[in-house]
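Here is how the chains run, residue by residue.
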Amino acid sequence: MKLSVHVIEARNLPAMDLNGFSDPYARIQLGKYRFRTKVVKKCLNPFWDEEFSFRVEDLNEELTVSVLDEDKYFNDDFVGQLKVPVWRVFDAENKTLGTVWYPLQPKNKKSKNRDCGEICLTISLSQNNSFVDQLPVASRSVNDDHAPEKPTTPPRELSVSTNGTVEEAIPAKDDKSYAQTLAERLVQIFLNKNGETASTTNEVAVSSDLQETLPKTEVQDNKVEDMSSYNTFEETLRSIELRDQGAELPSNLPGGVLLDQQYVISPADLNSLIFSPGSKFMKSLAELQGTTDLQEGPWMIENGADSLKRVVSYTKAATKLVKAVKATEEQVYVKADGKFFAVLLSASTPDVPYGSCFKVELLFCIMPGTELPSGDQSSRLVISWRMNFLQSTIMKGMIESGARQGLKDSYEQFAKLLAQNVKLVDSKDLGSDKEQILASLQTEQQSDWKLAVRYFGNFTVVSAVFMGLYVFTHIMLAMPSTIQGLEFKGLDLPDSIGEVVVCGVLVLQGERVLEKIARFMQARMQRGSDHGVKAQGDGWLLTVALIEGTNLAAVDSTGFSDPYVILTCNGKTRTSSIKFQTLDPQWNEIFEFDAMDEPPSMMDVEVFDFDGPFDEATSLGHTEINFVKSNLSELADIWIPLQGKLAQACQSKLHLRIFLNNTRGTDIVKEYITKMEKEVGKKINLRSPQTNSAFQKLFGLPPEEFLINDFTCHLKRKMPLQGRLFLSARIIGFHANLFGHKTKFFFLWEDIEDIQVVPPSLASVGSPSLIIILRRGRGMDAKHGAKAQDEEGRLKFHFQSFVSFHIANRTIMALWKARALSPEQKVQIVEEESDAKFLQTEESGSFLGIEDASMSEVYSSVLPIPANSLIELFNGGYLDRKVMEKVGCLDYSSTPWEFVKNDVYQRQLCYKFDKHVSRYGGQVTSTQQKSPIPDRNGWVVEEVMTLQGVPLGDNFSLHIRYQVEGLPSRSKACNVQVFMGIAWLKSTKHQKRITKNVISNLADRLKEMFSLVEKEFTPGK
């Protein structure tokens, strides 16, 4: 259904400006669509005579008509508003409320000005199944520059004839001749629409009130003309362009964006390439997709030459799941003005299962693109879609999922073919688009004096000033009173209860005025404090343009708020200016965040009401921008609904423009991976563009996401599920495909609250496990992959059976810490000075860069034990466990030695420190490699130890080398030497203190260890 609103005029509006007049305009809103009339300057009885149409989706919606006073330098003043439920129009006779004067109401009951004037409206509801009416249309009066004079005669009534067309009731002169002509034309319409011969029994009823003097153009406007008979496609489009009423380009459909790309071609040429009759491009696309029986109907002029429509039918190629089906597609021009084109496609496939229950709708929007340095014209093509369910069905989710995948595949082919026919805009030229958009934003210049008058022009301040002047005048006129009671010279006490009350009122009023002055001065100091501050450094540069807000909650006693916005990303915040006494603030401020080494994952946006420098600010709403799940082209101009009780009750929204640019190109990826190599201790290979593209497609990630590493493992739920764990700079994702059943999910590193290492057990098939615990309320999209959810609502994910647990654990911990720590906690990784140092690849099996630590001897002794017997301390048997538990290693576990390469074996250890070893407790994860000494007279055991749960434990790792050699002179004795080094991963001012503490504790621990081993092999000692 279509709701028509005719805004005629208003009268007796209050004066909002100092000159005794107002500059009024009307704003009409239904649901998410909003229009406004022209502004009538210096007038209290404006005349607009403008008509607007809305698509009605819910009879419970309310039509809101607001009258505002335009202000050149400040926010527009609210005059009054009117709310009319749509169901009231639906229940009215003939579904119209007629032409009625409505009193305008204040915004809230606390407003002082109750007399807001009146507005004259005509509101009616009509049933119209046209595809064009699915989108809002605004139509203005012919003369937009000057309001026409007020008509002296009442408007003529409209009557509906039996054929369903709306006609104007005018006295007739020659009914017969006119009726015959109109009847012939209506029959022609019927024949053109249906393509069938009309029966002689189908008569068209014509109103007897019609007359021959009706202007000929009005009659011709009701015709449907076949443009192919005498007009070209371009000429017909130009005729539509002349009638374009300036309606806005429709917003993207809610199903999502299938294509958003810019091409080096003018918008008109791109429109002709896709939609002109007999388009070679569409025929080539049909051949590529296997579409047959393509029949394009002629473009028809409809709705009084206001729109263009055609019908296209074709047979879709068969797939593995669906046989070949016939589809019918109706295409309607929603907008065409020479520069902007919008075409709505509605496709129906009645032959598929449940095909009569739904239609697939697509919206093609063609608009001017970026201004290219070469001077060539460019166009931007955006294709969005949605499902329009005509009937409810339990298969809705399955139908929508299948349609989404089918459209995605189909329009990938569309994009590739279009790129072969039209040159794409180079990405280097797109940077100027951002600069052009930001340059167009102009911050509102506010006069301090005018703003102070508005802020302090309320009852509190005026009454306080009046009382102050009144008391001061009284003091000047009154005679000094005599000293009495407890008074003395210099102390004048109140002489009655009334004087005490007056003094109390004066003190309270003065306190409130001083508080408002303090708030005003503090807010002016915060005026755009971060606006225009340029970002520092090179890398991922985030730029946010805060445009405006709408429908913010009113929390002040005045019925308004003083809103400001705080943006937070990667621990950095940017604060906007404060806008006084408004619910629809206009900012137009630009904020830049310092360059980041990795692309940001989230940005928090929160709107506050300013309550002064010493009071806690009230939150008006908040939201999060997820860069991983959002397309950057969508973020370039987006309205975001705010969350929170106040925001949801008022349907508050923010208008943002967000740009994310990489200023270092592929070098930033290489530098990030190099930094992670030092954290992990292993070489990380840079993945190919094809691998990154497949990774992005697998999880639906934006093109800036790059894969760092992936590991084969098991996801533990009720039953272990083998798959692969993918790690990137912003996400950790899991994918498995078991007998065609796919399991896929991912969550952000910032979502993780804790990562725990579980020692090997029978349940984990003898290998350590990783438990990843998310923050409360985070990662709900990945809930199907979680093993459990604890009492606090945190999801827990269990991963086990890694091929190389140590490498996976180090990589995961390094990436998590890089994202989870705030910038203040992050320290630059120490650059290694020696050029000879290098990290070998994973495949070589080399140990974790043990040569990077400067080794020094911490223990040396000759033990009366054979070398082969002493090495039992490292074999994971009874002796190993007994000695380690006695030196304070709790929950000790180890994996069997695994062959790595020639004579090199490797194992992992995991244990916790006893309190007497470390008062912080803490957990140790270490990897040991064992290899024989070249002369076969001993062994070398190298160990890399990482500490968790101890202060600054993530800043370093311990490298230990045990060297056990047999003595040629004594067959039952051996020489033991232990060397230790600390590899600093992050710099800290406590390096010397930590080194001294670690060496001391390790030396004591080694003495105790080898003493216990000596006692085991020499019982008499």
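K.L.:
Whenever I open this one, the sheet that holds strand β6 (residues 77-85) confuses me. Can you help?
P.N.:
In sheet architecture, strand pairing relies on hydrogen bonds along the backbone and comes in two forms, parallel and antiparallel. One open sheet holds the 4 strands; their spatial order is β3-β2-β5-β6, and the pairing between them is antiparallel. Strands with a single pairing partner mark the edges of an open sheet, and in this sheet they are β3 (33-36) and β6. Pairwise comparison of adjacent strand axes, ignoring direction, gives a mean angle of 20 degrees for this sheet. Pairing of strand β2 (residues 24-30) with β3, which is carried by 4 bridges, proceeds in the antiparallel orientation. Within β3, the position partnered with Q29 by the bridge is R34.

K.L.:
Whenever I open this one, the environment of F364 confuses me. Can you help?
P.N.:
On the secondary structure map, F364 appears in strand β19 (residues 358-368). Linking F364 and A342, residues 22 residues apart in sequence, is a C-alpha distance of 5.5 Å. Those residues in contact with F364 that sit more than four places away from it in its chain are F275, F341, A342, V343, L345, L381, V382, I383, Y411 and F414.

K.L.:
Any chance you could explain the confidence of the model for the protein chain here in plain terms?
P.N.:
Atom-level detail of predicted coordinates should not be read off regions where pLDDT is low. For the protein chain, per-residue confidence averages 76 on the pLDDT scale, and 77% of positions sit at 70 or higher. The low-confidence segment residues 129-230, where pLDDT is below 50, has 139 contacts with residues more than four positions distant or belonging to other chains. Overall, residues 822-852 carries pLDDT values under 50, and its contacts beyond four positions in sequence, including any with other chains, amount to 64 contacts.

K.L.:
Looking at this structure, I do not really get the sheet that holds strand β28 (residues 653-662). What am I missing?
P.N.:
Spatially, 4 strands are ordered β24-β21-β28-β27 in an open sheet, and the strand pairing comes out antiparallel. Lying at the two open borders of the sheet, with one neighbouring strand each, are β24 (586-596) and β27 (638-641). Shown here is a sheet whose adjacent strand axes are inclined to one another by a mean of 30 degrees, direction ignored. Here 7 bridges tie strand β21 (residues 540-550) to β24, and the two strands are oriented antiparallel to one another. Note that in β24 the partner of V544 across the bridge is F591.

K.L.:
Honestly, the pairing of strand β41 (residues 923-932) in this entry has me stumped. Any pointers?
P.N.:
The side chains of a regular strand alternate, residue by residue, between the two faces of the sheet. With respect to burial, β41 is a largely interior element, 9 of its 10 residues being buried. Where β41 and strand β42 (residues 938-948) come together, 10 bridges link them in antiparallel fashion. By the bridge assignment for β42, K930 is matched with V941.

K.L.:
Can you help me understand the packing of aromatic side chains in this one?
P.N.:
The way to describe two aromatic rings as a pair is by their centre distance and the angle between their planes. Within the structure shown, the criterion is met by 27 aromatic pairs. A centroid spacing of 6.1 Å and a plane angle of 85 degrees characterise the contact between F699 and F746, whose relative ring orientation is edge-to-face. Taken together, the residues F699 in helix α15 (residues 689-699) and F746 in strand β32 (residues 741-748) connect sequence positions 47 residues apart. Exposure class is identical for F699 and F746. Each is buried. A network of ring pairs unites the aromatic residues F275, F281, W299, Y333, F364, Y411 and F414 as a single cluster. Here the basic side chain of R11 rests over the ring of W101, its NZ or CZ set 3.8 Å away from the ring centre. The ring of Y25 has R36 sitting right over it, with the charged end atom 3.9 Å from the ring centre.

K.L.:
Please explain the environment of L770 as it appears in this structure.
P.N.:
With respect to the secondary-structure elements, L770 resides in strand β34 (residues 769-774). When the C-alpha atoms of L770 and S801 are compared, they prove to be 9.6 Å apart, with 31 residues separating the residues in sequence. Those residues in contact with L770, other than ones at most four positions away along the chain, are I755, Q756, V757, F797, H798, F799, F802, F805, N809 and I812.

K.L.:
For this particular structure, what's the right way to read the nonpolar core?
P.N.:
A general tendency of soluble globular proteins is for nonpolar side chains to be buried together. With 71 residues, the main nonpolar core has L542, M603, F797 and F799 as its most contacted residues. Not counting chain neighbours up to four residues away, the residues in contact with M603 comprise L542, V544, L567, T568, C569, F593, T623, E624, I625, F627 and I658. Among the nonpolar cores identified, the runner-up in size contains 43 residues, and M884, V924, F956 and I960 belong to it.

K.L.:
I would appreciate a short explanation of the environment of R776 in the present structure.
P.N.:
Mapped onto the elements, R776 comes out in the loop between β34 and β35 (788-789). It is 8.6 Å that separates the C-alpha atoms of R776 and E753, two residues lying 23 residues apart in sequence.

K.L.:
Could you clarify how one ought to interpret the packing of helix α18 (residues 878-886) against helix α19 (residues 991-1017) in this entry?
P.N.:
To characterise two packed helices, one gives the angle between the axes of the helices and the distance between these axes. Viewed as axis vectors pointing N to C, α18 and α19 meet at an angle of 135 degrees, and their least axial separation amounts to 10 Å. When the axes of α18 and α19 are compared, the pair comes out oblique. Pair α18 / α19 crosses with right-handed handedness. Along the contact surface, α18 presents L879, K882, V883, M884 and K886, while α19 presents R1005, E1008, M1009, L1012, V1013, E1016 and F1017. Counted by class, the contact of α18 with α19 contains 7 nonpolar, no polar and 5 charged residues.

Here is what the cut-offs are and how they apply
- Residues numbered from 1 in each chain as written.
- Predicted model: local features only at pLDDT ≥ 70, side-chain atom pairs only at ≥ 80, totals over all residues.
- Heavy atoms only, no water.
- Pairing = 2+ DSSP bridges.
- Helix = DSSP H or I, 4+ residues; strand = E, 2+ residues; numbered from the N terminus.
- Axes fitted to C-alpha atoms, helices over the stretch in contact; angles between N-to-C directions.
- Contact = heavy atoms within 4.5 Å.
- pLDDT = per-residue confidence, 0-100.
- Buried < 20%, exposed > 50% of the residue type's maximum accessible area, 1.4 Å probe, protein only.
- Phe/Tyr/Trp six-rings, centres within 6.5 Å; stacked < 30°, edge-to-face > 60°.
- Lys NZ or Arg CZ within 6 Å of the ring centre and 35° of its normal.
- Core = buried A, V, L, I, M, F, W, Y, C linked by side-chain atoms within 4.5 Å.
- Parallel < 35°, antiparallel > 145°, perpendicular 65-115°, else oblique.
- Left-handed = near helix turned anticlockwise from the far one by under 90°.
- Nonpolar A, V, L, I, M, F, W, Y, C, P; charged D, E, K, R; others polar.

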